[in-house]
Amino acid sequence: MAELERLEEHRARIEDWLHACFQDCAPRGNLYDAMRYSLLTGGKRLRPVLVLEACRLCGGAVEDALPFAGAIEMVHTYSLIHDDLPCMDDDDLRRGRPTNHKVFGEANAVLAGDGLLTAAFETMLAPGQKLPPERVLEAAGILARAAGGRGMVGGQVLDMAGEGRALGLTEVEELQRLKTGALIRAAVEMGCAVAGGAEEQREALCRYADCLGLAFQIQDDILDVVGDEATLGKPIGSDVRSDKTTFVALKGLADCRILVAELTDRAVEALAPFGSEAESLRGLAQSLAGREK
């Protein structure tokens, strides 16, 4: 389908952009090796794809959005490096490869994550942007809020605080809205901001992203129970071992599968204002609902 081909083109652009990162940096021990090790391990590139496609839907140029798409992937990658650390989830595998701290040591993994986080903002705020300054600042501000205590970091704190005790559905929804959903919502907001999109476009994209993010997390919880370890590239059952309350623990597998389908339908419906131009994002939502990794 032409719509899915467009998303693959976005992914190809993002991969090329990411592979060019840090090539001209003076060596700092193995810092940049560690940063690139995790940044270039593939993955779905969901968040940067959302930045580019939201920008396109709102009338912007995809090339103008590339630094912002790259920046959100840097932030996402830093969060994975830190999430895998012994003081957090203590994971040995990520995307089928040893986690960053297993290869480079804990201290270097922390610094690699720090380096990616700061590089994200250096990238967005670098001189020479073709965009109006107010759009650049708005997009950077969106990512800053989504990545910090009011977003992803706050969600990680709630996640750790919830280990070993039973959480209610409202608590789990809030935790995942911050830890997983905040960056997914930020991706479409950033794309809209870069394009100078209208408020009604942003609202529609945010409704889409909120449903997509929650469906994505519930599917993650399902896969942690019934997924294939080789396909996932990481151990399954980690939530049970960490004594975490998940959507599956609260609602069961059957109801979670129904909820993923309902949320996917709502995400698709949210794109109605864009008409046929949004077929790529509709297809993305449907493909994520059935993913196995």
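Residues numbered from 1 in each chain as written. Predicted model: local features only at pLDDT ≥ 70, side-chain atom pairs only at ≥ 80, totals over all residues. Heavy atoms only, no water.

The chain carries the name Farnesyl diphosphate synthase in an unreviewed UniProt entry, which gives Flavonifractor plautii 1_3_50AFAA as its organism. Per UniProt, the comment on the chain under Cofactor (unreviewed entry) is "Mg(2+)". Annotation of the chain in UniProt includes, under Sequence similarities (unreviewed entry), the sentence "Belongs to the FPP/GGPP synthase family." (UniProt positions renumbered as here; feature names shortened; annotations may be inferred.)

(A) Main features of the overall build of the chain. When helices and strands are counted, the chain shows 14 helices and two strands. By the compact-globule yardstick of 19 Å for 293 residues, the chain fits well, its C-alpha radius of gyration being 18 Å. Expressed along its principal axes, the backbone C-alpha trace of the chain runs to roughly 50 × 50 × 35 Å. Per-residue burial over the chain gives 51% buried out of 293 residues. The long-range fraction of contacts in the chain, counting pairs at least 24 apart against all pairs at least 6 apart in sequence, stands at 72%. Accessible surface, the chain: about 13,000 Å² in total, of which carbon and sulfur atoms supply 52%. (Helix = DSSP H or I, 4+ residues; strand = E, 2+ residues; numbered from the N terminus. Rg over C-alpha atoms; globule rule 2.2 N^0.38 Å. Buried < 20%, exposed > 50% of the residue type's maximum accessible area, 1.4 Å probe, protein only. Contact = heavy atoms within 4.5 Å. Areas by Shrake-Rupley, 256 points an atom, 1.4 Å probe, with all protein chains shown as cover.)

(B) Layout of the pattern of salt bridges. Enumeration over the complete set of coordinates arrives at 20 salt bridges. When the shortest N-O distance is used, the salt bridge between Glu189 and Arg202 registers 3.7 Å. You can see Glu189 sitting in helix H9 (residues 169-195) and its partner Arg202 sitting in helix H10 (residues 199-226), a full 13 residues away along the chain. Note on Glu189: relative accessible area 17%, which makes it buried. In this structure Arg202 comes out as buried when scored by relative accessible area, which is 13%. Between Arg291 and Asp220 there is a salt bridge, with the nearest N and O atoms lying 2.8 Å from each other. Linking Arg291 in the segment after helix H14 (279-289) with Asp220 in helix H10, this pair joins segments that are 71 residues apart in sequence. The class of Arg291 is buried, set by a relative accessible area of 8%. Overall, Asp220 belongs to the partly exposed group, its relative accessible area being 25%. (Salt bridge = Lys/Arg side-chain N within 4 Å of Asp/Glu carboxyl O.)

(C) The packing of aromatic side chains, seen in detail. Applying the stated criterion across every chain yields a total of two aromatic pairs. Of note, Arg97 hangs over the ring of Tyr37, and the distance from its end group to the ring centre comes to 3.9 Å. A cation over an aromatic ring shows up here: Arg291 above the ring of Phe216, its NZ or CZ 3.9 Å from the ring centre. (Phe/Tyr/Trp six-rings, centres within 6.5 Å; stacked < 30°, edge-to-face > 60°. Lys NZ or Arg CZ within 6 Å of the ring centre and 35° of its normal.)

(D) A look at the environment of Gly227. Among the structural elements, Gly227 can be located in the loop between H10 and helix H11 (229-232). The spatial distance from the C-alpha of Gly227 to the C-alpha of Lys293 is 7.6 Å, given a sequence separation of 66 residues. Beyond its immediate stretch of four places on either side in the chain, Gly227 contacts Ile222, Leu232 and Ile236.

(E) Fine view of the nonpolar core. Leu50, Phe68, Leu205 and Tyr208 are the most contacted members of the largest nonpolar core, which totals 85 residues. Broken down by element, the residue count for this core peaks at 13 residues, all from H9. Setting aside chain neighbours within four positions, we find Phe68 in contact with Val51, Met124, Gln129, Leu131, Val136, Ala139, Met190 and Val194. (Core = buried A, V, L, I, M, F, W, Y, C linked by side-chain atoms within 4.5 Å.)

(F) Inspection of a nonpolar patch on the surface at higher detail. Taken together, the side chains of Val153, Val157 and Met160 make up a nonpolar region of the molecular surface, amounting to roughly 210 Å² of accessible area. With respect to the helices and strands, Val153 occurs in helix H8 (residues 152-161). Assessed through its relative accessible area of 33%, Val153 is described here as partly exposed. (Patch = residues over 30% accessible without salt bridge, like charges linked within 9 Å, V, L, I, M, F, W, Y side chains within 5 Å.)

(G) Focus on the side chain of Arg56. Positionally, Arg56 belongs in helix H3 (residues 46-57). A polar side-chain atom of Arg56 sits 2.8 Å from a polar atom in the side chain of Glu53. Each residue touching Arg56, except ones within four places of it in the same chain, is listed here: Arg6, Val62 and Glu277. (Polar contact = N/O pair within 3.5 Å; in protein donor to acceptor, adjacent residues only side chain to side chain.)

(H) Fine view of unusual backbone geometry. For Arg45, which is not glycine, the phi torsion reads 55° and is therefore positive. Relative to the helices and strands, Arg45 is located in the loop between helix H2 (31-39) and H3. Take Arg45: its relative accessible area is 2%, and that puts it in the buried class. Not every positive phi belongs to a glycine, and Asp90 is a case in point at roughly 55°. The residue Asp90 is located in the loop between helix H4 (62-83) and strand E1 (93-94) in this model.

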